[in-house]
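Listed below are the residues making up each chain.
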Amino acid sequence: MPLKKIFFFFIIVLLFSFVLYETKAQQPVFIPDAPVQAKDSLKVASDSTALLADTVPHRKTNAIDAPVYYQSKDSIVMTGTNFIYLFGEGNVKYQNLELTADYIQVNNDSSTVYATFSTDSIGDEIGYPIFKEGESQYESKTMRYNFKTKKGYITDVITQQGEGYVTSGRTKKMDNDDLFMVDGKYTTCDEHDHPHFYLKMTKAKVRPGHDIVTGPAYLVIEDVPLPVAIPFGYFPFKGDYASGIIMPTYGDELSRGFSLRDGGYYFAFNDYMDLALTGEIYTKGSWGINARSSYRKRYKFSGGFNVGYLVTVLGDKGEPDYSKSKDFKAMWNHSQDPKSNPYRTLSANVNFSTSTYDRNQVGGYVTNAQTQNIKSSSVNVSQTFPNSPFSLNANMTINQRSQDSTVSVTLPSLSISMRQVYPFKRKNPVGSQRWYENISVSYQGKLDNSFSGKEDKLFNSSLQKDWRNGMTHSIPVSATFNLLNYINITPSVNYSERWNTMKVTQDYDPNKNGLAPADTTHGFYRSYNYSASIGLNTKLYGFFKPWKMFGDKVQMIRHVLTPSISFSGAPDFSDPRYGSYVDKIYIDKTGKIDTARYSPYQYSLYPPGGGGKSASLSFGIDNNVEMKVKSDSDSTGIKKISLIDQLSFRSGYNFLADQFNWSDISASLRLKLTKSYSVNLSGMFDVYTYKVAPDGRSGQRVNVTRWEAGKGIGRFRGTSYSQSYTFTNDTFKKWFGKKDDSSKTEDKAKTDEDLEQTNVVSDEIAGTTGVNAPLRSGKKDRGEFDSDGYAIFNIPWSLSVNYGINWGYDMSSFNVDKLEYNYKISQTLSLSGNIQPTKGWRFNFTTSYDFDYKKFAYMNCSVTRDLHCWSMSAGFSPVGDMQYYNFTISVNSSLLQDLKYTQSSNYRDAMKWE
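Residues numbered from 1 in each chain as written. Predicted model: local features only at pLDDT ≥ 70, side-chain atom pairs only at ≥ 80, totals over all residues. Heavy atoms only, no water.

Novice: How do you make sense of the overall build of the protein chain when you look at a structure like this?
Specialist: For the protein chain, the helix and strand inventory stands at five helices and 54 strands. Counting every position in the protein chain, which comprises 914 residues, the buried fraction comes to 33%. Counted over contacts in the protein chain with a minimum sequence separation of 6, partners at least 24 positions apart contribute 49%. Accessible surface, the protein chain: about 55,100 Å² in total, of which carbon and sulfur atoms supply 57%. (Helix = DSSP H or I, 4+ residues; strand = E, 2+ residues; numbered from the N terminus. Buried < 20%, exposed > 50% of the residue type's maximum accessible area, 1.4 Å probe, protein only. Contact = heavy atoms within 4.5 Å. Areas by Shrake-Rupley, 256 points an atom, 1.4 Å probe, with all protein chains shown as cover.)

This is the structure:
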């Protein structure tokens, strides 16, 4: 053969080999295990390099019975029909399996695939193998997997299970997805290469999505093994709602000893309700149990309860300081969805406990409950009837006062009411309205059963002797008429009746030299009273337009004056003929015959009203001042500004009273400074004078008005005012900062949006976002930056100030020279705030200042530190009688919430023993 033909033949063979083995885009490569399924579309990567993606027809029989897809960013090389090499972000897909790595090798004969990472130009490792099977994902440094047996061998694997991460040096993956590991780690820290802490597992079995079972394991913190080991471990990863054990917390107190607290069992009954039973026990005899639960049914109701019983033992038995107390608490809250029933509602807010429970509760820290003197509880059920004016309401109320351990219970309290009806109004009116059609009638009835006394007698009380019960009825009849189109006239008549179940007869007591209760009888007893009144009111308008020499900014000032006057009268129901009072004739110890009037129902639940005729005239006046000014933003616009929202004065005169006919003058002022902020002030003015009482120290009111004595109209009796405000970083900016116009605000919003979008794009390019983000990628904290790229320096803080002042008569200090009571100022101040100097640190405090004793009543401080996967918290009270401290460092993950260290003290430990 000529040399020229031989050379030409050699070139043809060489080109054919190149085309056959060096596969380019759109060129087929044969994998014997996959049937034909073309995939010819080109994908463009971020560096504009085409991804090579191909599928090939089936050539011979094999166990693999599904298509295998593969692609690579750099190149794909095939040697014969046995091996395929993918370089640069390779990807292989088979059924629900997907493998990505920087280097992948496929062996067709053994149906195995091998993947590993590579290094870049500076030696950094890139392109770690990521294996996905269904919802499971594993990241490793090397991986070998068999398509037929579905088994694999992995080194340096990382997989997320529940809230934690599992890493292992050597791992075998079984065909049922179980992982058998040697030299493994379990941690909730997302710094996978160097976690802050982990549980070192010598060997373990992982069932993805279910649990981990380990052999001997020990705790490692900051690469330092600790002498804390377990022979075996079990970590469940159930995603469903499940019951389980609640691990207790260890504690130590000087007064109650060592303790295990808050341990028990959690019951997950269903999706609507749960229950946690916990308890605590102390080495010196104290113990307690607690049950708490929450429930919710969508569109129906929601709530929860918390019930506890606590036995507190202090001191040594047989010693003078020994004490044993039993305390109980019951808390319940319930709310009903308005859409569940428009006619019936049930709500509850119960907060009942014995007076010493809050002081003896677990921990002994100062809380708001401990400093709260009065507690209130209520349960309310209401029912309205469609197409009816009647409604029914039932409630239970409990008021506690921990200062003297008294309790007031009303159980039940039933009330029925009828809204205003117009009995004389025509159904088909013709012509003008008749005067009698304005007459309206309503009804209010109430049934109460109440107890008042010491809390220890509540459960041992007698319903007949210790509880008071009764019923009251009220029927008001009123109408509204118009006189001369300007004056509104409102006459009304009110009838009240009381039904009581007990009456107390009185007799002369020589020791008291007066009447005293002698006998109590139970039955049905009725008393009543009625009254009538008529009221008149109108409105007067005054307008003032400022002179032009002062400018035209203020367009008009309007003053609205609303005077009102009413007259009411009632007979003397202390007259025995009405049945509410009786006259008792007795002989005193001197032998003199005397008569005293009393009411047998004064100790009943609904005592009768005070005796004496009544013919009172009440009058008042309301003021409102507003002005209209030109708007700064709109030359043609007018806005209204309130100068005085309301200024009111009230007083009255009783014509039939024997003395003190005049009532005190009451005044109130409301200033509306902004749309959401207003100031309210109110006070009373005394219209009578005083003289020195027989004891020589206090004052006694006399029936001489101040204007008769030449001391003016009234003397200021007292007022109170409270105000709260919260200061934050933006407070002073709002006060003194320059306001941005709308265009600047829009530009700033656009800049922030562009910056956020840029950050998202950068994260996507870096491959650090999304569900399938590589676990080994570095954790970067971008922080906050402005539009120019500079870091924003910001220290969030807030300070809430609540200040109250009471200025009025000091009833314990009378000036005998001026014949006036001295004034006394009472002030209250409470502060609470927080500051976050860095992203991880946070400081909170709450305190109140006592101006009478000139010291802080109590102070609660807390410091928290975010330690990435750990958190540290400390609380303390540096001042007051209840000083304490507590310190806790724990893992953030709820799965390992029992991995923590706590140290605390009790406020009893800080007691100063005399």
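Novice: How should the side chain of His473 be read in this particular structure?
Specialist: Tracing the chain through its elements places His473 in strand β33 (residues 468–478). There is a polar contact of 2.8 Å between the side chain of His473 and the side chain of Tyr443. Among residues more than four places away in sequence, those in contact with His473 are Tyr443, Gln444, Gly445, Tyr495, Ser496, Glu497 and Trp499. (Polar contact = N/O pair within 3.5 Å; in protein donor to acceptor, adjacent residues only side chain to side chain.)

Novice: Which parts of the structure should I look at to understand empty space enclosed by the protein?
Specialist: A water-sized probe, rolled over the atoms, reveals where empty space remains. All chains considered together, the criterion is met by two cavities of 30 Å³ or more. If you add up the space inside the largest cavity, you get close to 50 Å³. Forming the boundary of the largest cavity are Val92, Leu97, Glu98, Leu99, Val113, Phe131, Tyr145 and Phe147. In terms of residue count, strand β6 (residues 97–107) provides more of the lining of the largest cavity than any other element does, three residues in total. Its residues assigned to classes, the lining of the largest cavity comprises seven nonpolar, no polar and one charged. (1 Å grid on protein atoms, 1.4 Å probe; cavity = no way out; pocket = protein on both sides within 12 Å on 5 of 7 lines; lining within 4 Å. Points joined across faces, edges and corners; volume = space filled by probe spheres on them. Nonpolar A, V, L, I, M, F, W, Y, C, P; charged D, E, K, R; others polar.)

Novice: Got a minute to help me understand a nonpolar patch on the surface in this structure?
Specialist: Side chains of Ile534, Leu536, Ile565, Phe567, Phe619, Phe655, Leu656, Trp662, Trp707 and Ile713 sit close together on the surface and give an oily, nonpolar patch of about 880 Å² of accessible area. Sorting the residues of the nonpolar patch by element identifies β36 (514–537) and β38 (554–570) as the ones contributing at least two each. With relative accessibility at 31%, the residue Trp662 sits in the partly exposed group. (Patch = residues over 30% accessible without salt bridge, like charges linked within 9 Å, V, L, I, M, F, W, Y side chains within 5 Å. Salt bridge = Lys/Arg side-chain N within 4 Å of Asp/Glu carboxyl O.)

Novice: Help me out: how do you make sense of the state of the cysteines in this one?
Specialist: Cysteine pairs can be linked by a disulfide, which is a covalent bond between their two sulfur atoms. If you walk through the whole model with that rule in mind, you get zero disulfides. Note on Cys189: no disulfide assigned, nearest cysteine sulfur contributed by Cys869 at a separation of 3.6 Å. Overall, Cys189 belongs to the buried group, its relative accessible area being 0%. (Disulfide = S-S within 2.5 Å.)

Novice: Is there a simple way to think about the pattern of salt bridges in this case?
Specialist: If the charged atoms of two oppositely charged side chains come close together, the side chains can form a pair. By the definition in use, this model includes 25 salt bridges. With a closest N to O distance of 3.9 Å, Lys584 and Asp507 form a salt bridge. Taken together, the residues Lys584 in strand β39 (residues 582–587) and Asp507 in strand β35 (residues 487–509) connect sequence positions 77 residues apart. Between Asp686 and Arg701 there is a salt bridge whose closest N-O contact spans 2.9 Å. In this pair, Asp686 sits in strand β44 (residues 678–686) while Arg701 sits in strand β46 (residues 699–705), placing the two residues 15 residues apart along the sequence. Given the relative accessible area of 30%, Arg701 is considered partly exposed. Salt bridges sharing partners connect three or more residues here, namely Asp664, Asp686, Arg701 and Arg717.

Novice: What is the right way to read the pairing of strand β50 (residues 841–850) from this model?
Specialist: Within a regular beta strand, the side chains point alternately toward one face of the sheet and then the other, so they alternate between its two faces. Note: strand β49 (residues 820–835) against β50, eight bridges, orientation antiparallel. Within β50, the position partnered with Leu829 by the bridge is Tyr849. What sits between β49 and β50 in their antiparallel hairpin is a turn of five residues. Taken together, the ten bridges between β50 and strand β51 (residues 855–867) define a ladder with antiparallel strand orientation. Note on β51: the bridge partner recorded for Phe843 is Val863. (Pairing = 2+ DSSP bridges.)

Novice: So what exactly am I meant to see when it comes to the confidence of the model for the protein chain here?
Specialist: Do not read the fine detail of predicted coordinates wherever pLDDT is low. Residues with a pLDDT of 70 or more make up 83% of the protein chain, whose mean pLDDT is 80. Note that pLDDT drops below 50 for residues 3–62; the model gives that stretch 103 contacts with residues more than four away or on any other chain. Of the regions scoring below 50 in pLDDT, residues 362–369 engages in 26 contacts with residues more than four places distant in sequence or in other chains. (pLDDT = per-residue confidence, 0-100.)

Novice: Would you take a moment to explain the packing of aromatic side chains for this structure?
Specialist: Given two aromatic rings, one states the distance between the centres and the angle between the planes to describe the pair. Counted by the stated rule, this structure contains 40 aromatic pairs. Geometrically, the ring pair formed by Phe197 and Trp870 is edge-to-face, given 5.1 Å between the ring centres and 80 degrees between the ring planes. Of this pair, Phe197 sits in strand β16 (residues 197–207) while Trp870 sits in strand β52 (residues 870–877), placing them 673 residues apart in sequence. For the pair shown, Phe197 and Trp870 are each scored as buried. Consider the rings of Trp499 and Phe524, whose centres lie 5.4 Å apart with planes at 65 degrees: the pair is edge-to-face. Within this pair, whereas Trp499 is found in strand β35, its partner Phe524 is found in strand β36, the two being separated by 25 residues in sequence. (Phe/Tyr/Trp six-rings, centres within 6.5 Å; stacked < 30°, edge-to-face > 60°.)

Novice: Would you take a moment to explain the pairing of strand β41 (residues 614–630) for this structure?
Specialist: Pairing of β38 with β41, which is carried by 16 bridges, proceeds in the antiparallel orientation. If you follow Ala570 over to β41, its bridge partner there is Ser614. One ladder, built from 14 bridges, connects β41 with strand β42 (residues 638–654); its direction is antiparallel. Counted as the bridge partner of Lys630 is Ile638 from β42.

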